[in-house]
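Below are the chains, spelled out letter by letter.
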Amino acid sequence: MNRLTRSDEGQSSLIDALIFFSIAMIGSLILAFVSFPSSSPEAKESMRVYGESTLDSFLHSTLSRTSYEYENETIHLDDKTTSELIVENLYLRDNTDVENKSLIEGIESPLNESLQRLIHPQYDFNFTAWSSGNASFNFGQPVEGREEVFSASQELHTPDDNKTYTANLRIWLA
Amino acid sequence: MKRKMDDKGVVGFYEDVPALLIVVVATVIFLASIYSAIGRHEQKTSISDFEREALEFADAVRSSPLLLHEGEVGRFDATKIQGLESENLTRSLNYPDFFYRVEITDVSNYSVRYNQTWSREPEHNFTAEDYQEGRKVIYLSVNIVVDTNEVHTARMRVEVWR
């Protein structure tokens, strides 16, 4: 039987095995923490369908108890559709001297409350409407710094007016 | 580095066997992590497929002629909402191969609200095991038309599972 001897040169296969082990462990760690996309195309589609259906439902609903003050008179706008109220609000802002405070309290606030009730609690939103003139109004949470924001817009048709009016809803996961 | 081969090195059992064990252990761990990653990927894909089915189902409810007012998608007739039974909805949707619950919540500022729920559920009380093969909740918004001067906003929540 050969006598056993010690030599550093004889350790090469053990060192190779340790190098292999290290590489395999690094590979395993990478695989363990690899993340597949959390937002699938279906999740984005789901958000798109929700955003579009919500804007559509909001604009085509009617609201009771909306009004504004003008020359010491209260003008009631009961059972008008939301899109009619938005256009009326923008028209009044563009063309008349009705006080903004009256419009905010009498029209924009009920619009805001209606949209807040409609939007599911898992979403935050921002709503903006503007005319081709200078008028615009906005309510909801600020969008700055948000990721994965879905945006839907609709033109509001007004046969009696040459101006165009647009409504935009942006939603994101709260 | 040039390897020197002679008989001065450590004899087999003291070097080659430990090296072999290390290689086997490393290989087993690496293969296990690949298997686990593939499993997670397949689970994601399966959830995604079910999510697509759920979306299609929610869209079918939203466009069901049994509910629509004058055929407009997303605009439900208040009378139809009140009169429709779960069995009729299930039949009109060709008996889907999963369970469902559709909830309509009227969130308008009118005093009369039109809330409704339709479902096709297992007869026993459900447990976590009922959701094993997938569960998805889809949120949509719809209108409920009472008459031309009264159109409500409503949330529609569609939950499907199998």
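A few points on the structure.

The rules behind each value
- Residues numbered from 1 in each chain as written.
- Chains lettered and ligands numbered in written order.
- Predicted model: local features only at pLDDT ≥ 70, side-chain atom pairs only at ≥ 80, totals over all residues.
- Heavy atoms only, no water.
- Helix = DSSP H or I, 4+ residues; strand = E, 2+ residues; numbered from the N terminus.
- Buried < 20%, exposed > 50% of the residue type's maximum accessible area, 1.4 Å probe, protein only.
- Contact = heavy atoms within 4.5 Å.
- Areas by Shrake-Rupley, 256 points an atom, 1.4 Å probe, with all protein chains shown as cover.
- Pairing = 2+ DSSP bridges.
- Axes fitted to C-alpha atoms, helices over the stretch in contact; angles between N-to-C directions.
- Expected span 1.5 Å × (residues − 1).
- Arc of directions from axis to C-beta.
- Polar contact = N/O pair within 3.5 Å; in protein donor to acceptor, adjacent residues only side chain to side chain.
- Phe/Tyr/Trp six-rings, centres within 6.5 Å; stacked < 30°, edge-to-face > 60°.
- Core = buried A, V, L, I, M, F, W, Y, C linked by side-chain atoms within 4.5 Å.
- Buried area = accessible area lost by both parts, 1.4 Å probe.

The helix and strand tally for chain B stands at 3 helices and 6 strands. Along chain B, helices (α) and strands (β) appear in the sequence α-β-β-α-α-β-β-β-β when read from the amino end. Across the 162 residues of chain B, 40% fall into the buried class. Within chain B, contacts between residues separated by at least 24 positions form 61% of all contacts whose residues are at least 6 apart in sequence. Per element, the accessible surface of chain B, about 9500 Å² overall, is 53% carbon and sulfur.

Within chain A, the secondary structure is distributed over 4 helices and 8 strands. Across the 174 residues in chain A, those meeting the buried criterion constitute 41%. The contacts in chain A between residues at least 6 apart in sequence include a share of 62% that link residues at least 24 apart.

Take the sheet that holds strand E7 (residues 150-156) of chain A next. Residues and elements named next belong to chain A. In space, the 4 strands of this open sheet follow the order E6-E5-E8-E7, with antiparallel pairing throughout. Whereas interior strands pair on both sides, the edge strands pair on one side only; in this sheet they are strand E6 (136-140) and E7. Averaged over all pairs of adjacent strands, the angle between strand axes in this sheet comes to 15°, irrespective of strand direction. Where strand E5 (residues 123-131) and strand E8 (residues 165-173) come together, 9 bridges link them in antiparallel fashion. If you follow phenylalanine 127 over to E8, its bridge partner there is leucine 169. Each of E5, E6 and E8 is contacted by helix H4 (residues 100-118), which is oriented at about 40° to E6, the strand it contacts most.

Attention now goes to helix H1 (residues 12-33) of chain A. Residue and element names in this part refer to chain A. Taking 1.5 Å of rise per residue, the 22 residues of H1 would be expected to cover 32 Å, and the 32 Å separating its terminal C-alpha atoms lies within 8% of that figure. Restricting attention to buried positions, one finds in H1 the residues Ala17, Ala24, Gly27 and Ser28. Take H1 and look down its axis: the buried residues cluster within an arc of 100°, on one side only. The exposed residues of H1 that point more than 90 degrees off its buried face are Ile23, Ile26, Leu29, Ile30 and Phe33.

Inspection of the secondary structure assignment puts Ser28(A) in helix H1. A polar contact of 2.8 Å, which involves the side chain of Ser28(A), links it to the backbone oxygen of Ala24(A). Setting aside anything within four residues of it in sequence, one finds Ser28(A) in contact with Ile29(B), Phe30(B) and Ser33(B).

All right, on to the packing of aromatic side chains then. For the structure shown, the criterion picks out 9 aromatic pairs over all chains. Arranged with centres 6.4 Å apart and planes meeting at 50°, the rings of Phe127(A) and Phe137(A) form a pair that is tilted. Pair noted here: Phe127(A) is in strand E5 and Phe137(A) is in strand E6, with a separation of 10 residues, a long-range link. Note on Phe127(A): relative accessible area 0%, which makes it buried. Residue Phe137(A) is classed as buried on the basis of its relative accessible area, which comes to 4%. Ring geometry for Phe99(B) and Trp161(B): centres 6.0 Å apart, planes at 35°, overall tilted. Here the residue Phe99(B) occupies a position in strand E3 (residues 99-106), and Trp161(B) occupies one in strand E6 (residues 150-161), the gap between them amounting to 62 residues. Here Phe99(B) falls in the partly exposed class, since its relative accessible area comes to 27%. A residue is classified by how much of its surface remains accessible, and Trp161(B), at 0% relative accessible area, is buried.

Counting 37 residues, the largest nonpolar core has Phe58(A), Ile86(A), Leu111(A), Leu115(A), Phe127(A) and Ile171(A) as its most contacted members. Within the residue set of this core, elements represented by two or more residues are helix H2 (41-60), helix H3 (82-95), H4, E5, E6, E7 and E8 of chain A together with strand E5 (135-147) of chain B. Phe127(A) has contacts with Leu55(A), Phe58(A), Ile86(A), Leu115(A), Phe137(A), Asn138(A), Phe139(A), Ala167(A), Asn168(A) and Leu169(A), leaving out every residue within four places of it along the chain. By size, the runner-up hydrophobic cluster in this structure holds 29 residues, among which are Phe50(B), Ile104(B), Trp118(B) and Leu140(B).

You will see that Arg65(A), though not glycine, has its phi angle at about 60°, which is positive. Within the secondary structure, Arg65(A) is located in the loop between strand E1 (62-63) and strand E2 (67-70). Despite not being glycine, Glu70(B) has its phi angle at roughly 50°, a positive value. Mapped onto the fold, Glu70(B) is located in the loop between strand E1 (68-69) and strand E2 (72-77). For Glu70(B), a relative accessible area of 68% gives the class exposed.

To continue, consider the interface of chain B and chain A. Counting from both sides, the interface comprises 48 residues of chain B and, opposite them, 51 residues of chain A. For the pairing of chain B and chain A, the buried interface totals around 4200 Å² over both sides, and the portion due to carbon and sulfur atoms is 57%. Of all residues in chain B, Asn109(B), Tyr139(B) and Arg155(B) give up the largest surface area on contact with chain A, accounting jointly for 16% of the area buried on that side. On the surface where chain B and chain A come into contact, there are 15 residue pairs in polar contact (both at pLDDT 80 or more). Looking at the side of chain B that touches chain A, the elements that each hand over two or more residues are helix H1 (12-62), E5 and E6 of chain B.

Note on placement: Arg135(B) falls in strand E5. Setting aside chain neighbours within four positions, we find Arg135(B) in contact with Phe50(B), Arg157(B), Glu159(B), Val160(B) and Trp161(B).

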